[in-house]
Amino acid sequence: WLSHDIKLELRYKTVLGSILLYVISTIFLCFITLKKFNDINLFNTLFWIITVFTSLNAAIKSFANESSSKQLFIYTLIPPQALIFSKIIYNTILIILVTALNLLMFGFLFDFKFYESMNFNMYALSALLGCIGLSTILTLVSAIASKTNNNVGLIAILAFPLLLPLLLTTIE
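Not measured: the values here are computed from a predicted model.

This part takes up the overall build of the protein. Tallying secondary structure elements over the protein gives eight helices and zero strands in all. The secondary structure elements of the protein, listed N-terminal to C-terminal, are α-α-α-α-α-α-α-α. Residue pairs at least 24 apart in sequence account for 80% of intrachain contacts in the protein once pairs closer than 6 positions are excluded.

Our next topic: the packing of helix H5 (residues 80-109) against helix H7 (residues 120-145). Remark: H5 packs on H7, axes separated minimally by 8 Å, with the N-to-C direction vectors making an angle of 140°. When the axis of H5 is compared with that of H7, the two are oblique. Note that H5 runs across H7; the crossing there is right-handed. Of the residues in H7, those in contact with Ile84, Lys87, Ile88, Asn91, Thr92, Ile95, Ile96, Thr99 and Leu103 of H5 are Phe120, Tyr123, Ala127, Leu128, Cys131, Ile132, Ser135, Thr136, Thr139, Leu140 and Ala143. For the contact of H5 with H7, the class distribution of residues is 13 nonpolar, six polar and one charged.

Its location among the elements puts Thr54 in helix H3 (residues 40-64). We classify Thr54 as buried; its relative accessible area is 3%. When the C-alpha atoms of Thr54 and Tyr22 are compared, they prove to be 7.3 Å apart, with 32 residues separating the residues in sequence. Within the local environment of Thr54, its side chain forms a polar contact with the backbone oxygen of Ile50, the two atoms lying 2.6 Å apart.

For the rest of this paragraph, the subject is the confidence of the model for the protein. Across the protein, the average pLDDT comes to 82, with 84% of residues at 70 or higher. Mean pLDDT across the secondary structure elements of the protein bottoms out at helix H1 (residues 2-11), with 66, and peaks at H7, with 90.

In this structure, Phe43, Phe106 and Leu163 are the most contacted members of the largest nonpolar core, which totals 38 residues. Within the residue set of this core, elements represented by two or more residues are helix H2 (14-34), H3, H5, H7 and helix H8 (151-171). In terms of residue count, H3 provides more of this core than any other element does, ten residues in total. Contact partners of Phe106, with chain neighbours within four places excluded, come to Ile27, Phe43, Leu46, Phe47, Ile50 and Tyr115.

This brings us to a nonpolar patch on the surface. On the surface, Met122, Leu125, Leu128, Leu129 and Ile132 cluster together to form a nonpolar patch covering roughly 440 Å² of accessible area. Relative to the assigned elements, Leu125 resides in helix H7.

The next point concerns the packing of H2 against H5. For any two helices packed against each other, the geometry comes down to the angle between their axes and how far apart the axes lie. Direction vectors running N to C along H2 and H5 enclose 25°, while the axes themselves pass 10 Å from each other. Comparing the axis directions of H2 and H5 gives the class roughly parallel. The chirality of how H2 crosses H5 is right-handed. Where H2 approaches H5, its residues Leu16, Ile19, Leu20, Val23, Ile24, Ile27, Phe28 and Phe31 are matched on the opposing element by Leu94, Val98, Leu101, Asn102, Met105, Phe106 and Leu109.

Rules used in this analysis
- Residues numbered from 1 in each chain as written.
- Predicted model: local features only at pLDDT ≥ 70, side-chain atom pairs only at ≥ 80, totals over all residues.
- Heavy atoms only, no water.
- Helix = DSSP H or I, 4+ residues; strand = E, 2+ residues; numbered from the N terminus.
- Contact = heavy atoms within 4.5 Å.
- Axes fitted to C-alpha atoms, helices over the stretch in contact; angles between N-to-C directions.
- Parallel < 35°, antiparallel > 145°, perpendicular 65-115°, else oblique.
- Left-handed = near helix turned anticlockwise from the far one by under 90°.
- Nonpolar A, V, L, I, M, F, W, Y, C, P; charged D, E, K, R; others polar.
- Buried < 20%, exposed > 50% of the residue type's maximum accessible area, 1.4 Å probe, protein only.
- Polar contact = N/O pair within 3.5 Å; in protein donor to acceptor, adjacent residues only side chain to side chain.
- pLDDT = per-residue confidence, 0-100.
- Core = buried A, V, L, I, M, F, W, Y, C linked by side-chain atoms within 4.5 Å.
- Patch = residues over 30% accessible without salt bridge, like charges linked within 9 Å, V, L, I, M, F, W, Y side chains within 5 Å.
- Areas by Shrake-Rupley, 256 points an atom, 1.4 Å probe, with all protein chains shown as cover.
- Salt bridge = Lys/Arg side-chain N within 4 Å of Asp/Glu carboxyl O.

Okay, here's the thing in structure tokens:
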């Protein structure tokens, strides 16, 4: 089922395009307004804010385009656990790629100075584990919220208390 999600994403490029546009425009806006900043905490905060909102945007689309009749048909073909697990894997790959773009854009626009002053391998590992956690939480919340009428608002409300401990440990 993972290959099906990838094929759909490549066929309908609006979700991926909107995510890339959000990342690039937000980091460029940070660059224009801040020009040069030397605070590693500010970099870390901006990095995770952009990553969380990008991940939220990606996870909302996980179950949004599937009607209840399509979901019933899918559940007759594969077990629901396999479907949710494949969505988690797909969102993890997508969020890792967007986070890598996020790191590259920050490095490119701010001359890679932050990466010299920090342990980049540890930061990359922390970002990878944070992406896996973000993907898992947001995909499961998206699966729950897809059964309601107002799933976008419900995802944000349900995900925030679950993401807070993850973000606090990842930011540290």
